[in-house]
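Per-entry structural report
Listed below are the residues making up each chain.
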Amino acid sequence: MEDPDKKTEVVLLACGSFNPITNMHLRLFELAKDYLHETGKYKVIKGIISPVGDAYNKKSLISANHRVTMAKLATKNSDWVEVDDWESSQSEWLETLKVLRYHHQKLLSPDPPNSLQNAIPLTKPGRKRKQEPNRHDPVKKKNQSPDIKSVPQVKLLCGSDMLESFGIPNLWKSEDITEIVENHGLVCISRAGNSVQKFIYESDILWKHKNNIHLVEEWITNDISSTKIRRALRRGQSIRYLVPDVVQAYIEKNNLYSPESEDRNAGVVLAPLQKYASDSKN
């Protein structure tokens, strides 16, 4: 039998709006976990949902407080998926790479400082960084070998739409994409027949690190999206069985989605587009 101690531990991190969180968002974690376990190489130890902050400026994005609360309600009964509000509590929009770095640092240190200064890049996937001044790593147990697999990998969990968004000008920095796929890795859920493989083939960066991109085919197709949920709500239609019951109840209690909320941030430039477009001009 496979020795579980030799499997690479993985934390799955999903970043996004979660506006609102849906049953499909939760299914992504289950699909990814099954796939990684079936390879015999990985052991998924945790799933993290990290809702984006309000400063992302996405159209129709309601308050992070509501989105985080709904995500926590949706994962209340999960024994391995949790919600982290560090990203959403920041006053400025954060690149996804910085969120990945933060959660990796959190695994390395039992008491990670709540600062971006420590969100520094990895050297190689799963490897511990060199010891820094004034920092004491835990003492290794006797006879414990310096196995690189002792440090869990934080992999970005996403749908095919996020992966393909790498090709949108000024939405991602090429160096960020490189570090994400090289040092962390992706677990991408795509529908059968999707063109994700073709997109990877057409990208030199993704092709170079294709072995660190895990494509998981979603055979039991599910077309639920937050956009469609909000549309149904605006039209007074039922969303039962599309989101967890506790999320539906929270939405109804707080009257969260309306034509007015859908117009929020209308005409406002998305934070990364604004930042990277200005950077390219300088």
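Residues numbered from 1 in each chain as written. Predicted model: local features only at pLDDT ≥ 70, side-chain atom pairs only at ≥ 80, totals over all residues. Heavy atoms only, no water.

Notes on helix H9 (residues 245–254)
- Listed as buried for H9 are Val-247, Gln-248, Tyr-250 and Ile-251. Axial view of H9: buried residues confined to an arc of 160°, hence all on one face. Projecting away from the buried face of H9 at angles above 90 degrees are the exposed residues Glu-252 and Lys-253.
- As for H9, its buried residues are in contact with helix H2 (64–74) and helix H8 (226–234).
- Phi for Asn-255, located one or two positions after H9, is positive at around 45°. (Buried < 20%, exposed > 50% of the residue type's maximum accessible area, 1.4 Å probe, protein only. Helix = DSSP H or I, 4+ residues; strand = E, 2+ residues; numbered from the N terminus. Arc of directions from axis to C-beta. Contact = heavy atoms within 4.5 Å.)

Observations regarding the sheet that holds strand E5 (residues 186–191)
- Across the sheet, six strands lie side by side as E3-E2-E1-E4-E5-E6; this open sheet has parallel pairing. Across the chains shown, the open sheet's two edge strands, defined by having one partner strand only, are strand E3 (81–83) and strand E6 (213–218). Each strand axis lies, on average, 25° off the axis of its neighbour in the sheet, ignoring direction.
- Inspection of the sheet shows strand E4 (residues 153–159) paired to E5 by four bridges, in the parallel sense. Bridged to Gly-159 within E5 is Ile-189.
- Helix H1 (residues 23–38) rests against strand E1 (8–16), strand E2 (42–51), E3, E4, E5 and E6 of the sheet, and its axis sits at about 160° to E2. (Pairing = 2+ DSSP bridges. Axes fitted to C-alpha atoms, helices over the stretch in contact; angles between N-to-C directions.)

Here's the deal with the environment of Ala-32
- Tracing the sequence through the fold places Ala-32 in helix H1.
- Residues Ala-32 and Val-187, spaced 155 residues apart in sequence, show a C-alpha to C-alpha distance of 6.7 Å.
- With near-sequence residues (within four places) excluded, Ala-32 lies in contact with Leu-12, Leu-157, Val-187 and Ile-189.

As for unusual backbone geometry
- Cis geometry is found at the peptide bond from Asn-19 to Pro-20, where omega equals 5°.
- With respect to the secondary-structure elements, Pro-20 resides in the loop between E1 and H1.
- Positive phi, normally seen in glycine, also occurs at Asn-57, with a value near 70°.
- Within the secondary structure, Asn-57 sits in the loop between E2 and H2.

A few points about the packing of aromatic side chains
- Under the defined criterion, the tally for this structure stands at six aromatic pairs.
- Taking the centre distance of 6.0 Å and the plane angle of 80° together, the rings of Phe-29 and Trp-80 count as edge-to-face. Remark: Trp-80 occurs in the loop between H2 and E3 and Phe-29 occurs in helix H1; sequence separation between them is 51 residues.
- Classification of Phe-29 as buried rests on a relative accessible area of 1%.
- Accessibility expressed as a relative area gives 9% for Trp-80, which makes it buried.
- Centroid distance Trp-93 to Tyr-276: 6.1 Å. Interplanar angle 70°. Geometry classified as edge-to-face. You can see Trp-93 sitting in the loop between E3 and helix H3 (96–108) and its partner Tyr-276 sitting in helix H11 (residues 271–281), a full 183 residues away along the chain.
- Given the relative accessible area of 7%, Tyr-276 is considered buried.
- Ring-pair connections join several aromatic residues into one group, and the members of that group are Tyr-56, Trp-93 and Tyr-276.
- Against the face of Trp-80 rests Lys-33, its NZ or CZ located 4.5 Å from the ring centre.
- Looking at Lys-210, its charged tip hangs above the ring of Trp-207, at a distance of 4.2 Å from the centre. (Phe/Tyr/Trp six-rings, centres within 6.5 Å; stacked < 30°, edge-to-face > 60°. Lys NZ or Arg CZ within 6 Å of the ring centre and 35° of its normal.)

Some details on the pairing of E1
- Across the nine residues of E1, seven count as buried, placing the element largely inside the fold.
- Handedness of the E1-H1-E2 crossover: right-handed.
- Judged from the four bridges that link them, E1 and E4 form a sheet pairing that is parallel. Paired with Leu-12 across the two strands is Lys-155, which belongs to E4. (Right-handed = clockwise from strand over helix to strand, strands pointing away.)

Looking at the packing of H2 against H9
- Between H2 and H9, the least distance of the axes is 8 Å, while the angle of their chain directions is 150°. Taken together, H2 and H9 sit at an angle that is classed as roughly antiparallel. Relative to H9, the crossing made by H2 is right-handed. Taking contact as the criterion, the partners of His-66, Thr-69, Met-70, Leu-73 and Ala-74 in H2 are, on H9, Val-246, Val-247, Tyr-250, Ile-251 and Asn-254.
- Across the contact of H2 with H9, the residue classes break down as seven nonpolar, three polar and no charged. (Parallel < 35°, antiparallel > 145°, perpendicular 65-115°, else oblique. Left-handed = near helix turned anticlockwise from the far one by under 90°. Nonpolar A, V, L, I, M, F, W, Y, C, P; charged D, E, K, R; others polar.)

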